[in-house]
Amino acid sequence: MGRVDDERLKRLLGEPELAWVLDRVRRRIELGQPLNGTIARRAATRAERDAVAHLFGRAPRAGRGLNVSLGELDALLRRSGAHSGGLAAAVVTLTGRVTVRTEQAAHDARAWADAFRRIEATVVGRPELSSWVKHIRSSGLVKRLAGAEPVAGRQLLDALASVIVALPSSGESLSGFAARVTGRAHALDEGSPIGALALGAARALAGLAPPGADESPAEARREAWAAVGVLCDELSSTVLTLGLPGDASATGRVLAAAGVSGEPVWLTLRQLVRSPPQWREVDAGDVFVVENPSVVALAADELGARCAPVVCTNGQPRAAAMVLLRSLAAAGVRLRHHGDFDWGGLTIGNLVHRRLSVEPWQFDRDAYLRAVAAHPHAGPLTGSPTSANWDPELGEAMRDAGRRIEEELVAAELLPELG
């Protein structure tokens, strides 16, 4: 820093009227700019002009503009003995340490690279997770969650690496899994930084996209965790089935017993994750997906044990329904979907078609027009119109006819294919 005469330095540059000079020099140091040339103040006060004139020992100049030569000021400070280190050192002495932004940025970059080191090593050989880690790094998500602090970021990412190593699980509860892996039962709760990152890792590992605007965030969260064998509120998420084939698993035995009597059965998310049936295409054949439980009840009444396999989403599909349907699709089963001919039904249909490989089942323009002709007094369509992604002409026909055809109205037309 050199020799400093504090009293002389404060007398030269410590006046309030020269504070703008210190601020300008400090900013240049922060930006890594050289301290040469001049700094200007277009609308200087009389006191500021007098202070600069006194600093350099010259008469005040007319006009409001004011220029200060940084080279001349540096030489003055050295020559006067106020600070042998010159202008930059004098500003540090008077205003405190100055962080050069380029140096700080380089330091932060090294620190963040170190913070990501363990998790990047953890996902080597797992391409679905490697690309996800690159995304959370490039998007700045981890920095935001860690408050832009590399040390906090490293702690967060190291904990996340431990979670990833433990996935997939085998039907643990979320709190139990969190306690085992992180030492804190609520570490992965919704809203926590590591919970948000771990949920993204679960989706990446399972190949699931983030939920769309038409999906329930809570159900999408349950589905993502369930896809990697972790149960979140597993008893409240259920799906109604009829005629699904059983097997030797605990859940399969429940299905087999219900199949003998032709009775519908509700399956919980817990059953589907902890004891998933092992589907075989030859056993299941086509599986028909409907929206309303009343259709399942009618099929059970009319067809009983002869009914083809049916899965009911009960409105918008919950996590249990998505886990079940995804497992059937993975086994090569053909899924055929039907729903209400209203705007809500089309919204649900779009979700199902977007998330799963399904085919429409009597759920297109021609089927709608037949239903309108058969039920001319059906209620009016209400709500916000939407289009059907699987059949753009369906939405147009519904707007033109303006009639809501609930699934129950056409259930009789669905039964022949189920029997």
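Residues numbered from 1 in each chain as written. Predicted model: local features only at pLDDT ≥ 70, side-chain atom pairs only at ≥ 80, totals over all residues. Heavy atoms only, no water.

(A) Local environment of the pattern of salt bridges. Inspection of the entire model under this criterion finds 29 salt bridges. Close ionic contact of Arg11 with Glu7 constitutes a salt bridge, the shortest N to O distance being 4.0 Å. Residue Arg11 and its partner Glu7 are both found in helix α1 (residues 6-13); the two are separated by four residues, about one turn of the helix. Residue Arg11 is classed as partly exposed on the basis of its relative accessible area of 48%. (Salt bridge = Lys/Arg side-chain N within 4 Å of Asp/Glu carboxyl O. Helix = DSSP H or I, 4+ residues; strand = E, 2+ residues; numbered from the N terminus. Buried < 20%, exposed > 50% of the residue type's maximum accessible area, 1.4 Å probe, protein only.)

(B) Main features of the sheet that holds strand β8 (residues 310-312). Read from one edge of the open sheet, six strands run β6-β5-β8-β7-β9-β10, paired in mixed fashion. Every interior strand has two partners, whereas the edge strands, β6 (265-268) and β10 (358-360), have only one. Ignoring which end each strand starts from, the neighbouring axes of this sheet average 30° apart. Judged from the three bridges that link them, strand β9 (residues 334-337) and β10 form a sheet pairing that is parallel. Bridge assignment links Arg336 to a residue of β10, and that residue is Glu359. In the packing of helix α17 (residues 293-303) onto the sheet, the strands contacted are β5 (238-242), β7 (286-290) and β8, and the crossing angle to β5 comes to about 25°. Relative to the sheet, helix α18 (residues 319-330) contacts β5, β6, β7, β8 and β9, its axis offset from that of β5 by approximately 50°. (Pairing = 2+ DSSP bridges. Axes fitted to C-alpha atoms, helices over the stretch in contact; angles between N-to-C directions. Contact = heavy atoms within 4.5 Å.)

(C) Main features of the layout of surface pockets. Its boundaries defined by the atoms lining it, the largest pocket holds a volume of some 300 Å³. As for the largest pocket, its lining consists of 18 residues, and the residues nearest its centre are Ala226, Ala227, Leu272, Val273 and Val323. Among the elements of the structure, α13 (217-227), α15 (269-274) and α18 are those that each provide at least two residues to the lining of the largest pocket. Among the elements that take part in the lining of the largest pocket, α18 stands out by supplying four residues, more than any other. Grouping the amino acids of the lining of the largest pocket by side-chain chemistry returns twelve nonpolar, four polar and two charged. What the second largest pocket holds in volume is close to 170 Å³. Lining the second largest pocket are Arg49, Val52, Ala53, Arg58, Ala59, Pro60, Arg61, Gly65, Leu66 and Asn67. Per-element accounting of the lining of the second largest pocket gives the leading share, three residues, to helix α3 (residues 46-56). Here the lining of the second largest pocket is composed, by residue class, of five nonpolar, two polar and three charged. (1 Å grid on protein atoms, 1.4 Å probe; cavity = no way out; pocket = protein on both sides within 12 Å on 5 of 7 lines; lining within 4 Å. Points joined across faces, edges and corners; volume = space filled by probe spheres on them. Nonpolar A, V, L, I, M, F, W, Y, C, P; charged D, E, K, R; others polar.)

(D) Layout of the pairing of strand β2 (residues 66-69). Only one face of β2 is buried, namely the one carrying Leu66 and Val68, since none of Asn67 and Ser69 on the opposite face is buried. Where strand β1 (residues 38-41) lies against β2, four bridges are found, and the strand directions are antiparallel. What sits directly across from Arg41, in β2, is Leu66.

(E) Expanded view of the nonpolar core. Counting 38 residues, the largest nonpolar core has Trp132, Leu188 and Trp225 as the members making the most contacts within it. Put simply, the parts of the chain that give this core at least two residues each are α6 (101-115), α8 (127-138), α10 (150-165), α11 (174-182), α12 (193-206) and α13. Broken down by element, the residue count for this core peaks at seven residues, all from α12. When sequence neighbours within four positions are dropped, the list of residues in contact with Leu188 reads Val163, Leu174, Phe177, Ala178, Ile194, Gly195, Ala198, Arg221 and Trp225. Leu255, Ala320, Val323 and Leu328 belong to the second largest nonpolar core, which has 29 residues in total. (Core = buried A, V, L, I, M, F, W, Y, C linked by side-chain atoms within 4.5 Å.)

(F) The arrangement of the packing of helix α20 (residues 365-374) against helix α21 (residues 392-401) in detail. Where α20 meets α21, the closest approach of the two axes is 8 Å, and the angle between their N-to-C directions is 20°. Here α21 runs roughly parallel to α20, going by the angle between their axes. Counting all contacts with α20, which are made through Arg365, Tyr368, Leu369 and Val372, the residues of α21 involved are Glu393, Leu394, Ala397, Met398 and Ala401. The residue makeup of the contact of α20 with α21, split by class, is seven nonpolar, no polar and two charged. (Parallel < 35°, antiparallel > 145°, perpendicular 65-115°, else oblique.)

(G) Structural detail: unusual backbone geometry. In this structure, the amide linkage connecting Leu167 to the following residue, Pro168, adopts the cis form with an omega of 0°. Within the secondary structure layout, Pro168 lies in the loop between α10 and β3 (172-173).

(H) Focus on α21. Buried within α21 are the following residues: Leu394, Gly395, Ala397 and Met398. Taken down its axis, α21 places every buried residue within 160° of arc, on the same side. Residues of α21 that are exposed and point more than 90 degrees away from the buried face comprise Pro392 and Asp400. Against α19 (343-355) and α20 lie the buried residues of α21. (Arc of directions from axis to C-beta.)

(I) Summary view of the state of the cysteines. Enumeration over the complete set of coordinates arrives at zero disulfides. The thiol sulfur of Cys307 is not disulfide-bonded, and the nearest other cysteine sulfur, from Cys312, lies at 12 Å. (Disulfide = S-S within 2.5 Å.)

(J) Spatial organisation of the packing of aromatic side chains. As enumerated under the stated definition, the model contains six aromatic pairs in all. Their ring planes at 55° and their centres at 5.3 Å tell us that Phe341 and Tyr368 sit as a pair that is tilted. A residue pair is termed long-range when its members are at least 10 positions apart, and Phe341 in the loop between β9 and α19 and Tyr368 in helix α20 qualify at 27 residues. A residue is classified by how much of its surface remains accessible, and Phe341, at 1% relative accessible area, is buried. With a relative accessible area of 0%, Tyr368 lands in the buried category. Connected via pairs of aromatic rings, a cluster forms that spans Phe341, Phe363, Tyr368 and Trp390. Across from the ring centre of Phe116, 5.0 Å away, lies the NZ or CZ of Arg137, which sits over that ring. (Phe/Tyr/Trp six-rings, centres within 6.5 Å; stacked < 30°, edge-to-face > 60°. Lys NZ or Arg CZ within 6 Å of the ring centre and 35° of its normal.)

(K) Highlighting the environment of Val295. Here Val295 lies in helix α17. Residues Val295 and Ala411 lie 116 residues apart in sequence; the distance between their C-alpha atoms is 6.2 Å. Beyond its immediate chain neighbours, meaning those up to four positions away, Val295 contacts Val290, Glu407, Ala411 and Leu414.

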